[in-house]
Amino acid sequence: MATMNNTTTTTASSSLTSLSSHFRRSAKKNEINNSTKEATIFHQREETRQQHQQQRRRRRRSATTTNASAASGTKTAGEQLQLSALEQSELIDDTEDFPIDANTKFEPTIGIETHVQLQTKTKAFCGCQYSYGANANTQICPICMGHPGTYPKLSEEVVEKGVQIGVALNCKIREVSKFDRKQYFYPDLPKGYQISQFDEPLCEHGNIKVVIPVEEGGGEATIGITRAHLEEDAGKLNHVGGSGNVSTATHSLADYNRAGVALLEIVTEPDFKNGKEVSAYGQELRRIVRYLKASDGNLNEGSMRCDVNVSVKPVGRKRFGTKVEVKNMNSFNAMTRAIDYEIERQEKLYKEGRGDEIVQETRTWDDQNQRTVTMRKKEGLADYRYFPEPDLNPLVCSQAYVANVRKEMPELPNEIRDRYKALGLPNGDVQVLVEDENLVRFYDEILSANSRSSEEKEVNISKQAANWLTNDLLAFVKNEKLATPYDLKLNPEEIAEFCFLIENGEISGKIGKDILPELLLNGGSPRALVEEKGLMQISDPAEIEKIVQKVLDMNPNQLEQYRSGKTKLKGFFVGACLRESGGRANPTLTDEILMQKLEN
Ligand SMILES: [Zn+2]
């Protein structure tokens, strides 16, 4: 385990020009860990490689002037670095003086960068396995530590998961993308640079539809995806002593297990209006990566990390406000509150004439005090001195490869939502089901069990099953702390039978509710239990008539009152009949027969 003094750590750009030209000469063929499909998918095309080298050289010549030339609009489209609209907006030269007073209305501009840790057998460029919580520095090798003489090898699985997420986000997958080195110094970065993708990312120009839960106001929003690129993660510093943070610790321990783990960084357009939309986006993204099994999406283990850029400006002003980055929100709830807090903070400063106190910085969410606090000043884009990774050739994903990945993908949350809505399920039930893919699978199995068993009589139990599953059954799963509905003693076939009995009028919903606890406790066939207990609904008119007559005979006073005009007593008789039948009388039939008798 490496120990480091906790000296102040700052990022420093380092010039590696001579070193990089050396590396370029020694560039090695880009091999893929899993080589089975290598030939068909990632074929090395010498022509393309040379073309791209030329393009890269041209791009590098212009890279040093990126900011200046973009601001003055002289960059050609081909050379234009892919910036999100938010980043581009900062380049608008608009020095107009905009008066602000207490009545000024503001609008926020919000964009998100999410790092999704890809769930792959190995790290991105070496054979190391990674599991969260393993002993420090036990999952490392000379490649992910960047020892001299080692070469990165791109894992095919990483590419596949990256493409899957890109396709799910409706992105265009670049046929040729490339890797770049992003240099900075920090003790958790053993190589001194991160392999990332700068100007030719794997995925770009996508979008995602997010649904705001009804209880939070409802509605839908379409969020543009600027780009999604592959990169490797850094290690982790554990600060020891003091209160455990970098400023009070006595020393810090470096754990490099996470260094080199594959990430997909997803950058959105500034399409969000408030914290709720940000949170809804994060949740939908998490559902997608979980359905794809591309990531576990655990916020608290850092498998999904959202950095949100927030600025506000007076409505009507062209120039955007100063962008502040908020990070370290470890729940979606915290995300909503952090963003709304930050919008309010910036508006307040503007209104108080302290707009210049909003500086470009990274702020962290302080959950205890429910506010954002300064973490560090933000580094600019140019500080990283990106240059093409000399040890990796351009990544080629043919259209056939992408089509194949798409074909193998499971049904995604929005597709399942559409399917369930077509079944007529209420929105609330659809939301609850889609939240958990186990629930979706379980529900689908109930429906197919029903269509298998009810071949003679077509009974649609879709709504019945969704209702029981999302309410009583899910409540039981949670109360009993079961991992999934598959841990219930009732299997999908038995639940289908239960719903069939109700939907088919063989037992009432009330009887269903009464026997469910026993079924959940012991399992077994609901029909057998109903028959054993003699709970089948009485639907024979003659039998119901007998029950009604008995109730009327037992309550002569109430009958007289009813007949002399106190018709409100009908409810009393209905209740009495149902009780008399032990809850088994068919309610509709009982009602009909009772009315006939009462009126005669
Ligand atoms: Zn390694």
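Owing to the predicted nature of the structure, the values given are computational and were not obtained by experimental measurement.

Here's the deal with the overall build of the chain
A count of helices and strands for the chain gives 20 helices and 17 strands. Burial statistics for the chain: of 600 residues in total, 48% are counted as buried. Taking all contacts inside the chain whose residues are at least 6 apart in sequence as the whole, residues at least 24 apart take part in 73%. With an accessible surface of roughly 29300 Å², the chain has 48% of that area assigned to carbon and sulfur atoms.

Remarks on the sheet that holds strand β2 (residues 106–117)
With mixed pairing, the 9 strands of this open sheet are ordered in space as β3-β7-β8-β11-β2-β12-β13-β14-β15. The sheet terminates laterally at β3 (172–173) and β15 (371–377), the two strands that pair on one side only. As defined by bridge partners, strand β12 (residues 304–314) adjoins strand β13 (residues 324–327) across 3 bridges and the pair is classed as antiparallel. Following the sheet pairing, V308 is matched in β13 by V326. Here helix α8 (residues 332–351) sits on the sheet and contacts β2, β12, β13, β14 (361–366) and β15; the angle it forms with β12, its principal contact strand, is near 25°.

So, the pattern of salt bridges
Oppositely charged side chains may form a pair once their charged atoms are brought near each other. In total, this model carries 34 salt bridges according to the counting rule given. In this structure, E389 and R181 form a salt bridge, with 2.8 Å as the shortest nitrogen-oxygen distance. Linking E389 in the loop between β16 (387–388) and β17 (395–396) with R181 in strand β5 (residues 180–183), this pair joins segments that are 208 residues apart in sequence. Of the two residues, E389 and R181, neither departs from the other in class, the shared state being buried. In the salt-bridge network here, residues are joined through shared partners; they are E284, R287, R417 and E435.

Considering helix α15 (residues 509–522)
Taking 1.5 Å per residue, 14 residues should reach 20 Å; α15 reaches 20 Å between its end C-alpha atoms and fits that length. Residue I515 marks the point of greatest curvature in α15, where the axis turns by about 40°; the proline P517 follows within four residues. Those residues of α15 that sit buried are I511, G512, I515, L516, L519 and L520. Check the buried side of α15 and you find it contacts α13 (462–479), α14 (492–503) and α16 (526–532). G523 sits one or two residues past α15 and shows a positive phi near 70°.

With respect to the coordination of the zinc ion
At this site the zinc ion is bound by C126 (SG), C128 (SG), C141 (SG) and C144 (SG), with donor distances of 2.3 to 2.4 Å. Coordination at the zinc ion is tetrahedral, judged from the 4 donor atoms that bind it and the angles of 100 to 112° they form at the metal. All donor residues of the zinc ion come from one chain, and their arrangement in sequence is C-x1-C-x12-C-x2-C.

Things to note about helix α19 (residues 570–580)
Working note: α-helix, 3.6 residues per turn, so residues spaced by three or four point in the same direction. When we look at burial in α19, the residues that qualify are F573, A576 and C577. Along α19, the residues classed as buried sweep out an arc of 100° about the axis, all on the same side. Against α17 (541–554), α18 (556–563) and α20 (587–599) lie the buried residues of α19. After α19 finishes, the residue G582 shows a positive phi value of roughly 65°.

Thoughts on the nonpolar core
Counting residues in each nonpolar core, the largest one holds 69 residues, and the members touching the most others are V163, I165, L169, I266, Y281, M329 and C397. Sorting elements by how many residues they give to this core places α8 first, with 8 residues. If sequence neighbours within four positions are ignored, I165 has contacts with V116, L118, L264, I266, V289, L292 and A294. Among the nonpolar cores identified, the runner-up in size contains 41 residues, and V434, Y443, W468 and I507 belong to it.

Here's the deal with the packing of α18 against α19
Across the interface, α18 lies against α19 with an axial gap of 10 Å and an inter-helix angle of 145°. Of the two elements, α18 crosses α19, and the hand of that crossing is left-handed. On α19, the residues touching Q558, L559 and Y562 of α18 are K570, F572 and F573. Its residues placed into classes, the contact of α18 with α19 shows 4 nonpolar, 1 polar and 1 charged.

Some points on the confidence of the model for the chain
Averaged over all residues, the pLDDT of the chain equals 83, while 82% of them reach at least 70. Taken together, the stretch residues 1–51 has pLDDT below 50 and engages in 93 contacts with residues farther than four places along the chain or on a different chain. Across residues 59–81 the pLDDT falls below 50, and counting only partners more than four positions away or on other chains, this stretch makes 22 contacts in the model.

Some thoughts on the side chain of N450
Along the chain, N450 falls in helix α12 (residues 437–453). In this view, N450 contacts V459, I461, A496 and F500; residues no more than four positions away in its chain are not counted.

Let's talk about the sheet that holds strand β6 (residues 193–196)
Sheet architecture is open: 3 strands sit in the order β6-β5-β16, paired in antiparallel fashion. Looking at strand neighbours, the two that pair on one side only are β6 and β16, the edges of this open sheet. Here β5 runs beside β16; their pairing, made up of 2 bridges, is antiparallel. Across the sheet, the residue bridging to D180 is P388, located in β16.

Regarding the pairing of strand β11 (residues 262–268)
Burial analysis of β11 places 7 of its 7 residues in the buried class, the great majority of the element. Side chains A262, L264, I266 and T268 of β11 all project onto a buried face; the interleaved residues L263, E265 and V267 project onto the opposite face, where all are buried too. Where β2 lies against β11, 5 bridges are found, and the strand directions are antiparallel. Residue pairing across strands places H115 opposite E265, the latter belonging to β11. Sheet topology places strand β8 (residues 220–232) next to β11; 7 bridges connect them, and they run antiparallel. Residue pairing across strands places A228 opposite I266, the latter belonging to β11.

Thoughts on the packing of aromatic side chains
We describe a pair of aromatic rings using the distance from one ring centre to the other and the angle between the two ring planes. In total, this model carries 12 aromatic pairs according to the counting rule given. Arranged with centres 3.8 Å apart and planes meeting at 10°, the rings of F198 and Y386 form a pair that is stacked. Of the two residues, F198 sits in the loop between β6 and β7 (203–211) while Y386 sits in the loop between β15 and β16, which places them 188 residues apart along the sequence. For F198, a relative accessible area of 18% translates into the label buried. Judged by centre distance (5.1 Å) and plane angle (70°), the rings of F572 and F573 are edge-to-face. Taken together, the aromatic side chains of Y184, F198, Y384 and Y386 make up a single cluster linked through ring pairs. A cation over an aromatic ring shows up here: R181 above the ring of Y193, its NZ or CZ 4.0 Å from the ring centre. Looking at K313, its charged tip hangs above the ring of F320, at a distance of 5.6 Å from the centre.

Definitions and limits used
- Residues numbered from 1 in each chain as written.
- Predicted model: local features only at pLDDT ≥ 70, side-chain atom pairs only at ≥ 80, totals over all residues.
- Heavy atoms only, no water.
- Helix = DSSP H or I, 4+ residues; strand = E, 2+ residues; numbered from the N terminus.
- Buried < 20%, exposed > 50% of the residue type's maximum accessible area, 1.4 Å probe, protein only.
- Contact = heavy atoms within 4.5 Å.
- Areas by Shrake-Rupley, 256 points an atom, 1.4 Å probe, with all protein chains shown as cover.
- Pairing = 2+ DSSP bridges.
- Axes fitted to C-alpha atoms, helices over the stretch in contact; angles between N-to-C directions.
- Salt bridge = Lys/Arg side-chain N within 4 Å of Asp/Glu carboxyl O.
- Expected span 1.5 Å × (residues − 1).
- Bend = angle between axes of the 7 residues up to and from the residue.
- Donors = N, O, S within 2.8 Å, 3.2 Å for Na, K, Ca; no water.
- Tetrahedral: all angles 85-135°; square planar, octahedral: opposite > 155°, others 65-115°.
- Arc of directions from axis to C-beta.
- Core = buried A, V, L, I, M, F, W, Y, C linked by side-chain atoms within 4.5 Å.
- Left-handed = near helix turned anticlockwise from the far one by under 90°.
- Nonpolar A, V, L, I, M, F, W, Y, C, P; charged D, E, K, R; others polar.
- pLDDT = per-residue confidence, 0-100.
- Phe/Tyr/Trp six-rings, centres within 6.5 Å; stacked < 30°, edge-to-face > 60°.
- Lys NZ or Arg CZ within 6 Å of the ring centre and 35° of its normal.

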